[in-house]
Protein chains: 2
Amino acid sequence: MRNQQKTYLLFVSLLICTGIGAQEHPNLILTKSGVESIRKNLGTTSLFDSSLKTVQNAIDKEIASGIDVPIPKDYSGGYTHERHKRNFLAMQKAGVLFQILNDEKYAVYVRDMLFSYESLYKTLPLHPKERSYARGKLFWQCLNDSNWLVYTSQAYDCIYEFLSKKEREMLEKNLFQPFADFISVENPQFFNRVHNHSTWGNAAVGMIGLVMGDDELVDRALYGIKDANLKLYAKDNDGGFIKTEGKAGFLANLDEPFSPDGYYTEGPYYQRYAMYPFLIFAVGLHNARPELKIFEYKDSVLLKSVKTLINLSDKDGEFFPINDAQKGMSIFSRELTTAVDIAYHYGIKDPELLDIAQKQNRVLLDDSGMAVAKAISQGRAKPFLKKSVAYSDGPKGEKGGISVLRQQDLELVFKYTAQGLSHGHYDKLSFMLYEDGHEVIQDYGMARFVNIEQKGGGNYLKENKTWAKQSIAHNTLVVNETSHFDGKYELGSKYHSQRFFSKTSDDKVQVVSAKEGSAYPGVVMHRTVAMIQSKEFDKPMLLDVFKVNANKKNTYDFPIHFMGQVIQTNFEYAAPGTLETLGTKNGYQHLYLEASGISKKGNGKLTWMRNNQFYTWTSTTKEGDVFLFTRLGANDPEFNLRRDAGLILRRKESQNTLFVSVIEAHGEYSPVTELSSNSTSSILELAIELDTDMYTAISVKHKNGKRAILLLSNQDPSPETLHKQKINTKEHQWKGPCHFVDFKS
Amino acid sequence: MRNQQKTYLLFVSLLICTGIGAQEHPNLILTKSGVESIRKNLGTTSLFDSSLKTVQNAIDKEIASGIDVPIPKDYSGGYTHERHKRNFLAMQKAGVLFQILNDEKYAVYVRDMLFSYESLYKTLPLHPKERSYARGKLFWQCLNDSNWLVYTSQAYDCIYEFLSKKEREMLEKNLFQPFADFISVENPQFFNRVHNHSTWGNAAVGMIGLVMGDDELVDRALYGIKDANLKLYAKDNDGGFIKTEGKAGFLANLDEPFSPDGYYTEGPYYQRYAMYPFLIFAVGLHNARPELKIFEYKDSVLLKSVKTLINLSDKDGEFFPINDAQKGMSIFSRELTTAVDIAYHYGIKDPELLDIAQKQNRVLLDDSGMAVAKAISQGRAKPFLKKSVAYSDGPKGEKGGISVLRQQDLELVFKYTAQGLSHGHYDKLSFMLYEDGHEVIQDYGMARFVNIEQKGGGNYLKENKTWAKQSIAHNTLVVNETSHFDGKYELGSKYHSQRFFSKTSDDKVQVVSAKEGSAYPGVVMHRTVAMIQSKEFDKPMLLDVFKVNANKKNTYDFPIHFMGQVIQTNFEYAAPGTLETLGTKNGYQHLYLEASGISKKGNGKLTWMRNNQFYTWTSTTKEGDVFLFTRLGANDPEFNLRRDAGLILRRKESQNTLFVSVIEAHGEYSPVTELSSNSTSSILELAIELDTDMYTAISVKHKNGKRAILLLSNQDPSPETLHKQKINTKEHQWKGPCHFVDFKS
């Protein structure tokens, strides 16, 4: 029955596609004509030549060290896992070298390794490690098996014509077909989701299908398994939903998680991970199924998303750690080389992408890599200027979003997205702050040591759930010591924040405002962050206005996770002799209380030093507000968490309230000259001048006596509305939802 | 009477010196002929020209911003302190610019500022801040007043001939003479010590004396105040002795603290600080008192010490934090530019110093700077190769010393010096370990935020005494939870450790061994550290054999202050719910106990990760040994201490004992590729094969089954003695105090 269906589909394909019967190879990532062109251009660009040399040296070493295809046994970080990973990476590269250099030793290496896998795979039961909701065979999860097939299908394509027909039949019958079936029809809970896992699965099945000329596999990849019969609301081992209502397959994975701005709802770390299968399968489809016009799909979202992703990295090119994310992952990852080269070549030939490719200092060994190398050698690169951005989230851009405000070396990331699937954190309206690529106010990131086997097999640690995902681990409001949506994924997935307004076009006064009404029942949170360059300051100051409306009295915790060492506070505090935890759940069980103080009415100030730079956070306070200095690391018997600092401003028994803060980046120190400059705050007073349902106004008084005012409309985000308000006997008139009056006497 | 004496001395000087009556200016650092040569060579070397340009730009800005000579008020870090500091640095530079560029605006600037000081100084009482044992007038301590005069005397020399005779008389009478008297005869407790403070004071008085042609001042500088009548054992505000028996003055400060190897007993941080007055005054003496042959004094120790100092810096040029020391202070400080240029020009023209000067990327604007710039432009620089070194401490090299073992990117510093004056720590036989310029096992350094006013006025914090100086803050043995010499400076100053033997000539097997018999009554400590490159390991392994002989049972704490995050241990441990301090005094009151475990007999292992590198410490253990994970920060109400980790191996109720450890640097991780390599220890077993009064032998078993052996003679350090010992039925014969048998089956 299955074979009959396959034959029928092949017949249909013959009618609509040209030349598929006489399909020549390579035809997936490399093409026959592309290879000819590459060979002709060897020696003409230093970047392609050096990339080729690097790969050739690496693969020559691999070939010399011999083939090892061990029986699967380990989690990631362990030998068999890392070896199989190394194998598929090596096969893909060897295949490419065979095509470009026309040296059969590379084809022989791929062939021999493929037959090692052919003979192993037949014998394999499920992988012995049982943690995954979709266990693989070569690896502990289908996800990694899919990685293998995405790379290996490229290797197979490259040596397709080098193999005899009989060899191909053996490989396809005993290895590729059962492999593709295993990760799809035999694991629909893995294959049929809208999730980066499935994207890998879809691409793997589709790519081997394209090479084998098997349209049934390609269609399965594009549209998913028709009747997968999955239970709604079943969950994977990361706690993510396996099935949500709607479509499946590669196109569904393009439709759902990408916003029209190219923001990927899981965040940049996972976007980076998913970009490889997205783009590499897309190139295959572009070559073998040009009629799909895959790169134009959804207003060219695939190509657009590459630039979006780069804009979500800091000055050093490291991605902002949104949701579950490893700090340090960057534009220098191999996935981003792929993304940048493909986006350049198949897109609008954006010269800013060449700047990134130059920094990466390597290109893909294919048509796109050659195109990038040639363009760079012709001097077409232009600096990639990261500007302030406001990206929407949601398939139609309707589910909040994320903003990055940038001035000088400061970068403020403000998150008001949807949940972000199973890797999402409970961090509505949170922010993080960077200077010159260094964290000033951090987001913890994830609690995981990827591929470090000693730490839970390199997998997510339990502290990821008990700490990293919890609201208190972020720079946002926590009500009654519970996380947003009570830390419940089902609930969080139903809602999203809303951008209220965004104003990033004026370089000197950039403001973003967003609201969240679902994280806590009966509580509406409205945060406005502004990055403002005034002539009174060397660097921009950051204003943060967090308005809370509630239907009852609550305890509000307002944390900032500052990085570095305390230099000074303006409030008294006491440190206990022994350290106790701040709470028992929702992340609080991981925090030690290092010191606490009762605030007076007025302003609370904390100055700290990080990376020889000084920062001061000034916040309005009410009588009875409490400051809590925290230290991470309680209930962490395996030392899985970093011992990072935090300060919580706690306001008890409060209903509607307003938290207003200013952050100054204001001076520096040199351990070599031993000189400190501008090491104290310049702000004399921060005050709430007005706070009604309709308007909020705050003032900042500089130590030179001048005062600035920020006026906000709380209900009307229209840029056209005219507003009028009296502050301290002075009448202010302005248009639009916010108005900044610069410092004056 | 005083003036009569002065006249007499001048007369004597006239007899022995030539031309002092017709003394021309400049004659201190710059000379008339030197300036002519510099002017001629302008435009011929890029390094001198760029250095000149940088200084000129800075001083032009200073001149434009106007002169401010405020009434003294603040501690370091505060405005008046920093302003006066800026003033003297600017005057010195402006004077030099006047000479080189022959532009009178620079002379006018210096003149006007000098007269501002002239009119201010007459009116000044003691500085209002009272903390110092020798309060200054412009600054809170005479030390900083002396800094001012060392720089300002150079400025005065440069514009000497630009001033009228009457102007000079006014300045000398109202400013320089009383200034010099104030920091010397009026503050003998400051001036007449063997201490870096006095070196500054001596240089200040001597340099203004040379410019003024006042031989009485010069002699006072060189030989000290004759009858200072200081109380023996009085102390300064850092706890250092004010007077020890013996000589005073500049020459005494050369005799005492420098060892024949050029090691300065206070350590590199203070050597760097003292090098400026040492060398700049020496240049002045070289020019104005050539007959003293100051650079040849004590086997050219001044020039030799520059290279010693550079060798006491890590791969990035940052000085190892010996005793009180700010981490990050480096060869890039302005004092080291002075040191390197002067050592090159007045020394043997060492081409390796040119390499450092190139890295500094600036030169002095004087004869030595021009000489360096010319030599570099002629391509004479050679790489400065830091090798393993063993420097003696003590005026005659008789008071122990310090070794740095270096192989590949690893640097191990082993300290067995004398106390190191008042900035010394109680850290006999301690070590620190670096890889690629990063700390792996740290020495805390000092508890001080130099020139950051919010932190105790930028002065030493009380945690410097209660933590940083204590033995438990170092990587050495602590007996019965008390510091070496009971933390008593008087006691510590009487003793020093002894080098037992040192073997650094063999690149692959480097060993240093030292003994300490006075730190604890009735306890002899004998530590041997070895850096060994075996073919079984990618990087050298570090062996650490710490032998203890005691006259009674004690509790031994063996701490390692590892930097980074715990990855794995091989022992069970439990973490308490609340954190309590480990002790109540001697530094223990600053440590929280984060976790503890009871060891089994055999080996204890800790693997940690720092800067994406893996390290494992393996130690032999006895039944009942306890492991204590500590976290710094208890009893630190001002957040003055970093929250650093530590592990203590505690052995209770033990008399003679042996601690044996191996440290492996063994693998790496990339957050970009997410690959970890070689992340686990390769050592299967570490064992004590023999331990007698005469011999200790240990064996290291690799996981590949091979075993290596290190044999040590405990009593006879002679390199000629023949030894014979049977280990596991095998007879070993060797010559000298140590013998390494590489891994074999």
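Definitions and limits used
Residues numbered from 1 in each chain as written. Chains lettered and ligands numbered in written order. Predicted model: local features only at pLDDT ≥ 70, side-chain atom pairs only at ≥ 80, totals over all residues. Heavy atoms only, no water. Pairing = 2+ DSSP bridges. Helix = DSSP H or I, 4+ residues; strand = E, 2+ residues; numbered from the N terminus. Axes fitted to C-alpha atoms, helices over the stretch in contact; angles between N-to-C directions. Least-squares fit on C-alpha atoms with pLDDT ≥ 70 in both. Contact = heavy atoms within 4.5 Å. pLDDT = per-residue confidence, 0-100. Salt bridge = Lys/Arg side-chain N within 4 Å of Asp/Glu carboxyl O. Buried < 20%, exposed > 50% of the residue type's maximum accessible area, 1.4 Å probe, protein only. Domains from an automatic or database assignment. Buried area = accessible area lost by both parts, 1.4 Å probe. Polar contact = N/O pair within 3.5 Å; in protein donor to acceptor, adjacent residues only side chain to side chain. Nonpolar A, V, L, I, M, F, W, Y, C, P; charged D, E, K, R; others polar. Expected span 1.5 Å × (residues − 1). Bend = angle between axes of the 7 residues up to and from the residue. Arc of directions from axis to C-beta.

**Q** Before we go on, may I ask you to explain the sheet that holds strand S25 (residues 738–744) of chain B in this structure?
**A** Note on sheets: strands pair through backbone hydrogen bonds, and any given pair is parallel or antiparallel. All names here are of chain B. With antiparallel pairing, the four strands of this open sheet are ordered in space as S20-S21-S22-S25. Looking at which strands have only one partner, the edges of the open sheet turn out to be strand S20 (683–691) and S25. The average angle at which neighbouring strand axes cross in this sheet is 10°, direction not considered. Of the pairings in the sheet, the one linking strand S22 (residues 707–713) to S25 comprises five bridges and is antiparallel in character. Directly across from Arg707, in S25, lies its bridge partner Lys744.

**Q** Honestly, the relation of the copies chain B and chain A in this entry has me stumped. Any pointers?
**A** One chain copy maps onto the other through a rotation about an axis and a shift parallel to that axis. With an RMSD of 0.0 Å, chain B superimposes on chain A once it is rotated by 180° and translated 0.0 Å along the axis. Taken together, the rotation and translation relating the two chain copies correspond to the operation of a two-fold axis. Taking C-alpha positions as the reference, the residue of chain B nearest the rotation axis is B:Leu579, at 2.4 Å. The share of interface residues of chain B whose copies in chain A are also at the interface is 100%, consistent with both copies meeting through the same surface.

**Q** Is there a simple way to explain the confidence of the model for chain A in this structure?
**A** Regions with low pLDDT carry predicted coordinates that are not meant to be interpreted in detail. All names here are of chain A. On average, residues of chain A score 94 in pLDDT, and 96% of them are at 70 or above. Ignoring residues within four places in sequence, the model shows residues 10–22, a span with pLDDT below 50, making six contacts including any to other chains. What the predictor reports for the complex is a pTM of 0.92 with an ipTM of 0.91.

**Q** Explain the pattern of salt bridges here, please?
**A** When the charged atoms of two side chains lie near each other, side chains of opposite charge can form a pair. Here the structure, examined in full by the defined rule, presents 80 salt bridges over all chains. Of the charged contacts, one joins A:Asp355 and A:Lys359 as a salt bridge, the two residues approaching to 3.3 Å between their closest N and O atoms. Here A:Asp355 pairs with A:Lys359, and both are found in helix H15 (residues 351–360), just four residues apart, close to one helical turn. A relative accessible area of 11% places A:Asp355 in the buried class. Residue classification places A:Lys359 among the partly exposed residues on the basis of a relative accessible area of 47%. Residues A:Glu536 and A:Lys706 are paired through a salt bridge, measuring 3.2 Å at the closest nitrogen-oxygen approach. Linking A:Glu536 in the loop between strand S9 (523–532) and strand S10 (541–550) with A:Lys706 in the loop between strand S21 (695–702) and strand S22 (707–713), this pair joins segments that are 170 residues apart in sequence. Using a relative accessible area of 24% as the deciding quantity, one classes A:Lys706 as partly exposed. The structure contains a network of salt bridges with shared partners spanning A:Glu594, A:Arg631, B:Asp636 and B:Arg643.

**Q** Is there a simple way to explain the domain arrangement of chain A in this structure?
**A** The figure often quoted for interface size is the accessible area lost as the parts come together. Residues and elements named next belong to chain A. Segmentation of chain A into domains returns domain 1 (67–249) and domain 2 (394–501 + 533–679). Taking only C-alpha atoms into account, the centre of domain 1 sits 41 Å from that of domain 2. The interface is formed by 19 residues belonging to domain 1 together with 14 residues belonging to domain 2. Both sides of the domain 1 and domain 2 interface together cover about 1200 Å² of buried area, and 46% of this is carbon and sulfur. Area buried by domain 1 at its contact with domain 2 is led by Ser76, Asp238 and Phe241, which between them contribute 38% of it. Across the contact surface, domain 1 and domain 2 share zero salt bridges. Viewed at the interface, domain 2 and domain 1 are joined by three residue pairs in polar contact (both at pLDDT 80 or more). Looking at the side of domain 1 that touches domain 2, the element that brings in the most residues is helix H4 (residues 79–101), giving three residues. Of the residues contributing to the side of domain 1 that touches domain 2, the split by class is four nonpolar, eight polar and seven charged.

**Q** Got a minute to help me understand helix H13 (residues 297–311) of chain B in this structure?
**A** Side chains that are three or four residues apart share a direction in an α-helix, a result of its 3.6 residues per turn. All names here are of chain B. Under the 1.5 Å per step criterion, the end-to-end length of H13 is 22 Å for 15 residues, consistent within 8% with the ideal 21 Å. Of all the bends in H13, the largest measures some 45° and sits at Lys304. For H13, every residue scored as buried is listed here: Val301, Leu302, Leu303, Ser305, Val306, Thr308, Leu309, Ile310 and Asn311. In this structure, the buried side of H13 is in contact with helix H11 (250–255), helix H12 (268–288), helix H14 (334–346), helix H15 (351–360), strand S1 (389–392) and strand S2 (401–407).

**Q** What should I look at first to understand helix H3 (residues 46–65) of chain B in this one?
**A** All names here are of chain B. Here H3 spans 28 Å end to end across 20 residues, near enough to the 28 Å set by a 1.5 Å rise per residue. Listed as buried for H3 are Leu47, Phe48, Ser51, Leu52, Val55, Gln56, Ile59 and Glu62. Around the axis of H3, the buried residues are gathered within 160° of arc, so they sit on the same side. Within H3, the exposed residues directed more than 90 degrees away from the buried face are Ser46, Thr54, Lys61 and Ala64. Backbone geometry just after H3 places Gly66 at a positive phi near 90°.

**Q** Honestly, the interface of chain B and chain A in this entry has me stumped. Any pointers?
**A** Between chain B and chain A, the contact holds 54 residues from the first and 54 residues from the second. Here chain B packs against chain A, burying approximately 4300 Å² in sum over the two surfaces, 53% of which is carbon and sulfur. The three residues of chain B that bury the most area against chain A are B:Gln454, B:Phe639 and B:Glu674, which together make up 18% of that side's buried surface. On inspection of chain B and its partner chain A, the count reaches two salt bridges.

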